[in-house]
Structures are given as C-alpha cells and as structure tokens.
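Geometric and topological summary
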Protein chains: 2
Amino acid sequence: MTKSWVPGSNGSGFGIDHLPYGVVGPDRHIGVAIGDHIVDLAAASVDRLVDDPDGALTDPTLDRFMAEGPDRWQSTREQITTLLSDENHKDSVVLVDRGSAGLHLPWTVADYVDFYSSLDHATNLGRMFRPDSEPLLPNWRHLPVAYHGRAGTVYVSGTDVIRPAGQKRPQAPDQPPVFGASSRLDIEAEVGFVVGVGTEPGESVSPADLADHVFGVSLVNDWSARDIQAWEYVPLGPFLGKSFATSVAGWITPLDALRAARTEPPTQDPPPLDYLNDKDPWGLDLAIEVHLNGTLISQPQFGDNYWTPGQQLAHMTINGARLRTGDLYASGTVSGPEEHQRGSLIELTWNGENPITLDDGTERTFLEDGDQVVISATAPAVDGGRITLGPVVGRILG
Amino acid sequence: MTKSWVPGSNGSGFGIDHLPYGVVGPDRHIGVAIGDHIVDLAAASVDRLVDDPDGALTDPTLDRFMAEGPDRWQSTREQITTLLSDENHKDSVVLVDRGSAGLHLPWTVADYVDFYSSLDHATNLGRMFRPDSEPLLPNWRHLPVAYHGRAGTVYVSGTDVIRPAGQKRPQAPDQPPVFGASSRLDIEAEVGFVVGVGTEPGESVSPADLADHVFGVSLVNDWSARDIQAWEYVPLGPFLGKSFATSVAGWITPLDALRAARTEPPTQDPPPLDYLNDKDPWGLDLAIEVHLNGTLISQPQFGDNYWTPGQQLAHMTINGARLRTGDLYASGTVSGPEEHQRGSLIELTWNGENPITLDDGTERTFLEDGDQVVISATAPAVDGGRITLGPVVGRILG
C-alpha cells in the first residue's frame, strides 16, 4: 500500500490514493490536493518534477491537459504519486495550504448535459407532477432521458447562488401565472462526468470506451426552482427553472482513483438496445451526503442508479453529436428507495407537504435565504480505506 | 443615399447598407462582405485603415470585437462605410473574391438557446403531436417557451449534415422503440441573435436594452429528427432529435443594418407581464426563403412572430442567468398562417401525409440523402432597396 510523506494525508480522504485536480490561487495554477495541502503543478512543471513537454500543466485551466488523453493522464498521475511517496522529493515539491487557497472553476465547460437516470427520482417526480398517470413515462426504461443545461452558469463550489425570479405556476389552472422570486428553491445532488477527449461529428462512443474520453468525476448541485420549472417545462423541458446556477466541486477526481468503486449496476428490464449494451457494465459506489446548514439531510447511493455513466455517454453520442473537451454530463438527481436517500428537497419533503427539521430546530420545505448546502461523497479507495469527493458548497442569497 | 465604389455591390443585397461580418480564408481573417467581394479587416487593421487599438480585428474569430459593445461596433461600421464609399481608398483596401473564400464559424458559440415563438408553428406542432388536446399549452401565451440546444454542434453554413441514428418512436404505444437512421429528418427555418456583451450573474435585461447586448443576426437551420424527437422528448424536451447539428449563416448581419426592417409585432393577448413589456416593441420584417434542391418550398415572414427578440432576451435573463459573449438564441421555427409560409417539412407535408413536389418532379415528405437545403432572407435596407441575409446551406450525408 502506497503511503505519502505529506503529514496527515494518509487516510484523510485526500490521500495519495485520490489526487484530484483543481485550479487554485490568484495566479490560477493547476494543483493536486493531498491531505490539507495542494501540490502546485505549475511549479512542478517549471521545476521539471513532472514531464510537461507542452506546458499544459502551467495553464490556468485543465483544458489542454484534459484533451491529451488517458496515457498522459496516467503518466502524470504516476509521477505525482512518486513525488508524494518518495521522501527524497520532500524538499523539492511546493505545497500550498489547502484551506486558504481559493478554488476556481477548473475547466471551461463546453456543453452541459443533465440526465434523469435514477429510477427512484424519476418515479418520485412522476408521482408528484403527474399524479393521475403512470409515474414513469414509456421511454424511461428504454433510454437515459436527458436535456441540455446552461454551460455558462456552471459555477465552482463556494459561489453564492442568487435566488431566481420568474413566472411561476398559477394557483389554479385557469389563473394567470404569478411573478416573483422562487419560493420553491431546491437542490439536486448529482454526479458529474467531465469529458477530456472529444469526438468527430458523426462518431459515437460505446459504453465500454468511457475511459478513453472521460477525464474524471465532479459532484454537482443542480439548483432548481420548482415553481418556475413546473410552469415552463411543457413541452420543451426545463429552462429558467435550472439555468440560473449549477454548482460543481472544485476538485475533479480522476477516473483512475475510482477503480475500486466500480460496482455492478442494477438489472435493466427490458434489456437495453445494442448500442447501450456493455459486456462489463459498471456503476460507481459513491456514498453521497447532503448537509443543509450543517444537518445531514440525505444519503443517496450512486451505485443504485439505473443507467450507467457508460450508457449515458453512448446515448448522448449515438446520433453523431460530437463531444468536446470540457463537456460535462451529470447523472441527474441521485435518489434511492429509502426516504433518507432522496437527493432533492421536493422528494425529501414530498412536494413541500412534510417539512424536514434541522438540528437547530427550524423546519424547511424549500431553501431559505442564507441557507448553505454542502454535497460530498466517499468511495472505496484502491488500497482500502475511502476517498472523499467534493465538497460542493453553495449559499442562497435573497 | 450612400453608394460604394466596389463594382456591382450597390443593390446586390450585400451593398454598403449591409456590411455583414464573417471569418474567411485559410488564415481565418475577419472580413466584411461587399457585393461579390470581402474586405479583409485584419489587413485593414494592420494598414491602419480602421481603428483597432487592441487588435481585435486581427483575431481568428469575432469574439473580442463582439465583446466590446455598441460604440465600438458603430465606429468600426462607420469607418468601413467611409472606406467603401470614398474612392480615395480604392487602392488601399484589400478585397478578396467572395465566391472562393472559405467561410468559418465566425464566433465561438457559448450557450445556444432555441425559442418556440411562432404562434402558427406551435399551433401546427401541437395539432400533430397532441391531436386530442388544445394545440397551444397553457403557458405559451404567457412566456416565450425555450430550451437549451447543443452549442458544440452549431456548424457554419456549408457543413454537411450527417443523418443521425437513434431510438425512434415505436410503431404502436405498446411496442418497443425502433433503432436506426432517422427517416423523418427535417429542417427548421429560424432567425438567430448573437450576443456580444454579456451580463453579470443575477442581472436581467429589459426588452428595450437588446441593442446593448446583441451584436447581430444570423439565419439558422435547426435540423430535427422528428422520429427521434417524438420518442425522447417527454418530460425533459428535445435532446438527440436536435443535438446532431444546427447550421448558421457564415455572415452575421449587424443589428444596425436592420434599422429599417423593424416592424410592429402582433398584438399579444393576454398582455405580457411587466418584465416582458416594451414601450416600443419591434420585430423584424425578414422575408425568409427556403429552397430544397433548388425548389422554393417556403416563404415564412419573420415579422409575424408572436414573441419579439427583445422579449426573448428579457425572458432568458429574468432568472438572473448571465449572458456571455457568443451566446446564440434563435427564434424557433418561423411559420406563418399560410401553407406556403411553414418553416419545416413536418408542417409543409402535414406530418408526412401530403408530400411536396420539387421542380425535378420528385416528391418529398422528409429529407433524403444528398438533399441540399438553402435558407436565406431579405429585409428592407436603410436607404431603400433590400439586403440579403444568409445563406444557410446544408447537404444531407447518409
């Protein structure tokens, strides 16, 4: 089992078995988290501690490095592992304090696609939004339903979220819509996949080839204004109810750090069409935690998700739509069969009917101004123990 | 009335009253079309024929120039007008032959939003897709319905369109979906608006402030696979049925060239909410033409559109979603009340039931491999006469 010489890093969730990438500090340097510290990769590149022939590691974003593909990702990861495990490098590696380093959005978001791949989430929302019909629509078990979100409002963890205003669903079907600030502001706990290597127009990707394209995983909070969404979403889907803000973690976990988290996905019935078929399908065993003002309000299990990340990637490219470096696709809200596994407030409070009580004794149906939401997750690490993904932090401004 | 010394340009649709911007040639120079020629603005900048203190006009895209705002756009336009009208500049301006210059996508598309703002189009599609209910959904007259499309598959005019494959609507409701190439490949004739000046998170734009943000207008063909779309689109809207390709014109018409095309929009009933209210609302009198393999198949009038470009901009920002330089928003299919004014094949052939006959005697319901579609438009020019927008050209590859 590899250990790091960085004090306190082993077993911290940000040990040498993790090594997520971010962009830190006023000069926007690429860094890798290790314990309570960050390795400055721009400095490591200049000091020739890591191979960086094209200087991609000195860029202010991960874009060029992500575009270079799995061989480069792997060799850089191996070199950083050596630097942080071999005490001989102790004096040459520049470490920055992680607590005080400002995190930036680590890559340029190209397109943002949001799936809807949790069976329990889709069933719960179907029950609430369409109470008089089957909760799952006929297409749901045949394809991973998705839509495009707004790439320009994907913000890094720590960015405040301004409560959106807009047209809200009328009080009764024959009434006009109501205008004002959303009073049903919600979260969605999701898992995002960041594309490094793009494709050509007309090309499609099979589920088994995910690792040739996906650079890493970032947790996502897909903030949602339910009252705006409910009024606008027919027939073309969510728009302003989602487009005001989406938060992502400042740290991208490399796919390689999640090898031990691969898990068998749920059985799919009916069996999917060929292009969605994977001989060796896998989900990810991520134990997600959602805290609201410090209270643990939900613990969704990502391993329960019906459609796998590989199937999602295959589906979004089967029509020949090209991928670009920086594309982000998210799982959709992760909800499990148990009440405490629901990844959104609309599910946790059942459409606002059953408020939840926080540790400070106050109740919530939806988010109030000043509320802070933190989404994080842990996953099995390669050498045993667990790594920590996230956090995705956001506070509501009125 | 200002005239140009460039031979054949006056009254050509690309006269001195138009001056659209594009990016041309192997070196990707910004250029302005004049008659059958192009003024090389990179050369004009280097030769100090136009003021370009920051060198934005020597960039390979319009991005930086677009971000600079209306005062810069106006002064550059005035200088180009002087260069092309004053014969003293005849020997100093570098003209390139327009016919042989390759056109590139002239700007980096940030987010792409597609509206659904033609009353006749929404009514026609409602009748076809939901024959048993009111064609217009309850929200339609209260807000300009829209969704996000895929920015990474917006291509410049002249790019071939690869026929998409995917899951298609089952033959009957209890049947499984069918997989294969789309057999209902369609066009949508639209008008696109290109954002130059962005906004801050939380900011919204009033309809009257459109000209502070929108750089210009580009025609759009929003290719659509109806069989894929019909199966996937509930409940989150169009995804793969649209995301394979969207074509835009290689020439962006500056908003200023469309001053004489402003027209009074249709009366709105019910009156819109305050944030959609414009004291001096305007649409654009664009006479669109759609040719399929040389046959004129449709003549939509953009002036008929229910929701105005200003209202669309106000709506997409009312929730505080920021705009970025390069955002593209399109009108949605432009259809009029007359059969020959329908901007899509699904409307022109009424869901494929009434084929149209082309000049070569062949019939079409939807697009066949090798088909070529050309969308163009004319608009009243400031000094009389008309200017020509487009073309948006695309050919289907099987």
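Residues numbered from 1 in each chain as written. Chains lettered and ligands numbered in written order. Predicted model: local features only at pLDDT ≥ 70, side-chain atom pairs only at ≥ 80, totals over all residues. Heavy atoms only, no water.

1. Let's talk about the overall build of chain A
Just so we agree on the cut-off: Helical segments are the DSSP runs of H or I of at least four residues, strand segments are the runs of E of at least two, and each set is numbered from the N terminus. With C-alpha atoms as the basis for the radius of gyration, the globule rule is written as 2.2 Å multiplied by the number of residues raised to the power 0.38. Three exposure classes are used, based on accessible area relative to the maximum for each residue type with a 1.4 Å probe and protein chains only: buried under 20%, partly exposed in between, and exposed over 50%. Pairs of residues are marked as contacts when any of their non-hydrogen atoms sit within 4.5 Å. To be clear on the numbers: accessible area is Shrake-Rupley with a 1.4 Å probe, and residue cover counts the displayed protein chains and nothing else. Under the counting rule used here, the positive set is Lys and Arg, the negative set is Asp and Glu, and His together with the chain ends is not counted. Lys charges are placed at NZ, Arg charges at CZ, Asp charges at CG and Glu charges at CD.
On a plain count of helices and strands, chain A comes out with nine helices and 26 strands. Rg of the C-alpha trace for chain A: 21 Å, near the compact-globule value of 21 Å for 398 residues, within the 12% margin. Seen through its C-alpha atoms, chain A measures out along the principal axes to roughly 75 × 50 × 35 Å. For chain A, buried positions account for 60% of its 398 residues. The long-range share in chain A, meaning contacts at least 24 apart out of those at least 6 apart in sequence, stands at 72%. In the form shown here, chain A has an accessible surface area of approximately 14,200 Å², with 47% of it arising from carbon and sulfur atoms. Each charge class in chain A can be summarised by its mean position, and for the 27 positive and 55 negative side chains these summaries are 3 Å apart.

2. Things to note about the domain arrangement of chain A
All names here are of chain A. Here is the rule we go by: Bear in mind that the domain bounds are from an automatic or database domain assignment. Accessible surface is computed with a 1.4 Å probe, and the buried area is the amount of it that two parts give up when combined, taken over both parts together. Salt bridges, as used here, are contacts in which a Lys or Arg side-chain nitrogen is within 4 Å of a carboxyl oxygen on Asp or Glu. Pairs of N or O atoms are called polar contacts if they sit within 3.5 Å, as long as, within protein, a hydrogen donor faces a hydrogen acceptor (for residues adjacent in sequence, only side-chain-to-side-chain pairs). Residues are grouped as follows: Ala, Val, Leu, Ile, Met, Phe, Trp, Tyr, Cys and Pro are nonpolar; Asp, Glu, Lys and Arg are charged; every other residue, Gly included, is polar.
The domain architecture assigned to chain A consists of domain 1 (21-104) and domain 2 (112-397). The C-alpha centroid of domain 2 is placed 29 Å from the C-alpha centroid of domain 1. Counting from both sides, the interface comprises 20 residues of domain 1 and, opposite them, 18 residues of domain 2. A combined buried area of about 1,400 Å² lies between domain 1 and domain 2, and 70% of that area is made up of carbon and sulfur atoms. One can count one salt bridge joining domain 1 with domain 2. Linking D256 and R77 is a salt bridge whose minimum nitrogen-to-oxygen distance equals 3.1 Å. Linking domain 1 with domain 2 are two residue pairs in polar contact (both at pLDDT 80 or more). Contributions of two or more residues to the side of domain 1 that touches domain 2 are made by β1 (21-24), β2 (29-34), α2 (63-67), α3 (70-85) and β5 (103-104). Grouping the constituent residues of the side of domain 1 that touches domain 2 by class yields twelve nonpolar, five polar and three charged.

3. A short note on the side chain of A:R163
Residues and elements named next belong to chain A. With respect to the secondary-structure elements, R163 resides in the loop between β9 (161-162) and β10 (165-168). A distance of 2.8 Å separates a polar atom in the side chain of R163 from a polar atom in the side chain of D369. With residues up to four places along the chain from it excluded, the contact list for R163 reads A181, S182, S183, L185, L367, E368, D369, I396, L397 and G398.

4. Some details on the environment of A:A379
Residues and elements named next belong to chain A. Looking at where A379 falls in the secondary structure, it is placed in strand β25 (residues 372-380). Taking the C-alpha atoms as reference, A379 lies 20 Å from Y329; in sequence the two are 50 residues apart. Residue contacts for A379: discarding those within four places in its chain leaves L258, A261, D285, L286, G385, R386, I387 and L389.

5. Quick look at the nonpolar core
Here is the rule: For our purposes a nonpolar core is just a set of buried Ala, Val, Leu, Ile, Met, Phe, Trp, Tyr and Cys residues, chained together by side-chain atoms within 4.5 Å.
The biggest cluster of nonpolar side chains holds 148 residues, and the ones touching the most others in it are A:Y329 and B:Y329. Those residues in contact with A:Y329 that sit more than four places away from it in its chain are A:V113, A:F115, A:V191, A:G192, A:F193, A:V195, A:L210, A:V214, A:P309, A:Q312, A:L313 and A:M316.

6. A short note on the interface of chain B and chain A
The partner chain A presents 53 residues to the 52 residues of chain B that form the contact. Counting across the chain B and chain A interface gives two salt bridges. The partner of A:D327 in a salt bridge is B:R150, with the nearest N and O atoms 2.9 Å apart. Summed over the shared surface of chain B and chain A, the result is 24 residue pairs in polar contact (both at pLDDT 80 or more).

7. Quick notes on the sheet that holds strand β26 (residues 386-397) of chain B
Rule in force here: Here a strand pair is declared whenever DSSP counts at least two bridges between the two strands.
Reading across from one edge, β9-β26-β25-β20-β21 (chain B) is the order of the five strands in this open sheet, with mixed pairing throughout. Each edge of the open sheet carries a strand with a single partner, namely β9 (161-162) and β21 (295-298) of chain B.

8. Side note on helix α8 (residues 309-317) of chain A
The element α8(A) is extensively covered by neighbouring structure, given that nine of its nine residues are classed as buried. For α8(A), every residue scored as buried is listed here: A:P309, A:G310, A:Q311, A:Q312, A:L313, A:A314, A:H315, A:M316 and A:T317.

9. Some remarks on the packing of aromatic side chains
What counts here: Pairing of aromatic rings covers Phe, Tyr and Trp, the last through its six-membered ring, and needs centres within 6.5 Å; plane angles under 30 degrees mean stacked, over 60 mean edge-to-face, and all others mean tilted. Any Lys NZ or Arg CZ that is within 6 Å of a ring centre and within 35 degrees of that ring's normal is treated as a charge sitting over the ring.
Applying the stated rule across the entire model yields 24 aromatic pairs over all chains. Look at B:Y21 and B:F65: their rings are 5.4 Å apart centre to centre, the planes differ by 50°, and that puts the pair in the tilted class. In this pair, B:Y21 sits in strand β1 (residues 21-24) while B:F65 sits in helix α2 (residues 63-67), placing the two residues 44 residues apart along the sequence. Residues B:Y21 and B:F65 agree in their burial class; the two are buried. Members of the aromatic cluster, connected to one another through ring pairs, are A:F115, A:F193, A:F302, A:Y329 and B:F239. Directly above the aromatic system of A:F14 lies the positively charged group of A:R98, at a separation of 3.9 Å from the ring centroid.

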